[in-house]
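These are the residues of each chain, in order.
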Amino acid sequence: MATAPTRPIVVSNRLPYVIQREGEHYHAVPGSGGLIAALLPVLRGMGGAWIGWSGTSGDDEGVQQALDEASDGRFSMHAIALSQEEIDHFYHGFSNEIIWPLFHDLASLCNFVPAYWQTYLQVNRRYARTVFDHASPSSFVWVHDYQLMHVGAELRRLGHAGPIAYFLHIPFPPVDLFLQLPWRRAIVRALADYDLLGFQTLRDRRNFLQCLQALIPDVSVSGRGQVVNVRIGERTLRVGHFPIGIDYAGVAGAAASEAVAERVRELQNLLPDRTLILGVDRLDYTKGLPLRLQAFRNALQR
């Protein structure tokens, strides 16, 4: 008799729903992004669980009730509660003042505060404990992105024996950059505790493997193609590159909507007989917005 597939547990920094508060009541509103677009239909179809931060500070039963109502019984969501200090040190601090700029080749913007690292470990342990409490011994756990690199290692310490995968949604830096991270050895050892590591590009995978070989003795890599095998002592993990794209159907549908067409007509009426350059970007220094404006100035001058 065929056995039913194990329902997955997805773990990410944020849940796929955003919590909004109106007075004393909470409402869960669908979030956006490639991760949500790719995985939410899977959980709705086969069931499972999604674990992540609710986006609020503190612990409130109303938040979990709103998430239960939004999931509609097709899958479950479990909120991680973070204090304001943890939000400042784990999310804004270690994740976004250290890992984010370093992994984007902007080491000069890093703020290596030791307290950030301790809180990062503390919060990763809480994520792992929540996963462990909701998982069966054989549950497949899929952890996402740079905020949660230590969750797999913490799950192993708790005794989870099922498969654990990890996917990094941002670049992985080359050795000369990664070695600037004071906690570099702890990070690569934690990543090596996963059964499957996924990166966006072949270059990211190559960078990780070179860092692993530079920091951990007795590492051997075998195989070729999209996924290779890495042996560390008696343990073997698989490392691959799996590029994830945008939600094409969602973007194309939005572009073809009447609301967008109306906005285009409005711009054409306001600025007739002109060539327009339109940029749609998050206001983040890694997007190079000042450099693009300088390039546009240079084009005008020429």
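Structural notes, computed from the coordinates. (Residues numbered from 1 in each chain as written. Predicted model: local features only at pLDDT ≥ 70, side-chain atom pairs only at ≥ 80, totals over all residues. Heavy atoms only, no water.)

1. Description of the side chain of His150
Stated precisely, the cut-off is as follows: Comment: elements are numbered from the N terminus, with helices defined as DSSP H or I runs of at least four residues and strands as E runs of at least two. Only heavy atoms enter the contact rule, under which two residues are in contact if any of them lie within 4.5 Å.
Locating His150 in the fold gives a position in the loop between strand E6 (141–144) and helix H5 (151–158). If we ignore the near neighbours within four places in the chain, the residues touching His150 are Trp117, Tyr120, Leu121, Asn124, Ala186, Ile187, Ala190 and Tyr194.

2. Re the packing of helix H7 (residues 184–191) against helix H8 (residues 202–215)
How two helices pack is summed up by the angle between their axes together with the distance between the axes. How we decide: Every axis in this analysis is a line fitted to C-alpha atoms, fitted for helices over the stretch in contact. Angles between the N-to-C directions lie between 0 and 180 degrees. Oblique is the label for any angle not covered by the other classes, which are roughly parallel (under 35 degrees), roughly antiparallel (over 145) and roughly perpendicular (65 to 115). Two helices crossing with the near one rotated counterclockwise from the far one by less than a right angle form a left-handed crossing, whereas a clockwise rotation gives a right-handed crossing. Three categories are distinguished: nonpolar for Ala, Val, Leu, Ile, Met, Phe, Trp, Tyr, Cys and Pro, charged for Asp, Glu, Lys and Arg, and polar for the others, with Gly belonging to the last.
Packing of H7 against H8 leaves a shortest axis separation of 10 Å and a crossing angle of 115°. By the criterion of interaxial angle, the relationship of H7 to H8 is roughly perpendicular. H8 is crossed by H7, and the crossing has left-handed handedness. Contacts between H7 and H8 involve Arg184, Arg185, Val188 and Leu191 from the former and Phe208, Leu212 and Leu215 from the latter. Among the residues making up the contact of H7 with H8, the classes are represented as five nonpolar, no polar and two charged.

3. Concerning the pattern of salt bridges
Rule in force here: The salt bridge definition used is simple: a Lys or Arg side-chain nitrogen within 4 Å of an Asp or Glu carboxyl oxygen. Think of it in three bands: with a 1.4 Å probe and only protein chains considered, a residue is buried below 20% of the maximum accessible area for its type, exposed above 50%, and partly exposed in between.
Tallied over the full model, the rule gives twelve salt bridges. Notably, a salt bridge pairs Glu154 with Arg125, separated by 3.6 Å at the nearest N-O pair. Residue Glu154 is located in helix H5, and its partner Arg125 is located in helix H4 (residues 114–134); the two are separated by 29 residues in the primary sequence. By relative accessible area, Glu154 is classed as buried at 9%. For Glu262, the salt bridge goes to Arg265, with nearest N and O atoms at 2.9 Å. Taken together, the residues span about one helical turn, with Glu262 and Arg265 both in helix H10 (residues 258–270) at a distance of three residues. Of the residues examined, Glu262 reaches a relative accessible area of 41% and is grouped as partly exposed. When its relative accessible area of 35% is taken as the criterion, Arg265 is described as partly exposed. Through salt bridges with shared partners, a single network forms among Arg125, Glu154 and Arg157.

4. A few points about the packing of aromatic side chains
Threshold: Planes of paired rings set the category: under 30 degrees apart is stacked, over 60 is edge-to-face and the rest tilted, where pairs are Phe, Tyr or Trp rings (Trp by its six-membered ring) whose centres lie within 6.5 Å. Either the NZ atom of lysine or the CZ atom of arginine qualifies as a charge over a ring when it sits within 6 Å of the ring centre and within 35 degrees of the ring normal.
Inspection of every chain in the model, using the stated rule, returns 17 aromatic pairs. Ring geometry for Tyr166 versus Tyr194: centroids 5.1 Å apart, planes at 35°, classification tilted. Note that Tyr166 is positioned in strand E7 (residues 164–167) and Tyr194 in the loop between H7 and strand E8 (196–199), a separation of 28 residues in sequence. Like Tyr166, the residue Tyr194 is buried in the burial classification. The rings of Phe90, Phe94, Trp117, Tyr120, Tyr127 and Trp183 are connected pair by pair, giving a single aromatic cluster. Cation over ring: Arg14 sits above Trp53, and NZ or CZ is 4.9 Å from the ring centre.

Purely geometric stuff here, so don't read any function into it on its own.
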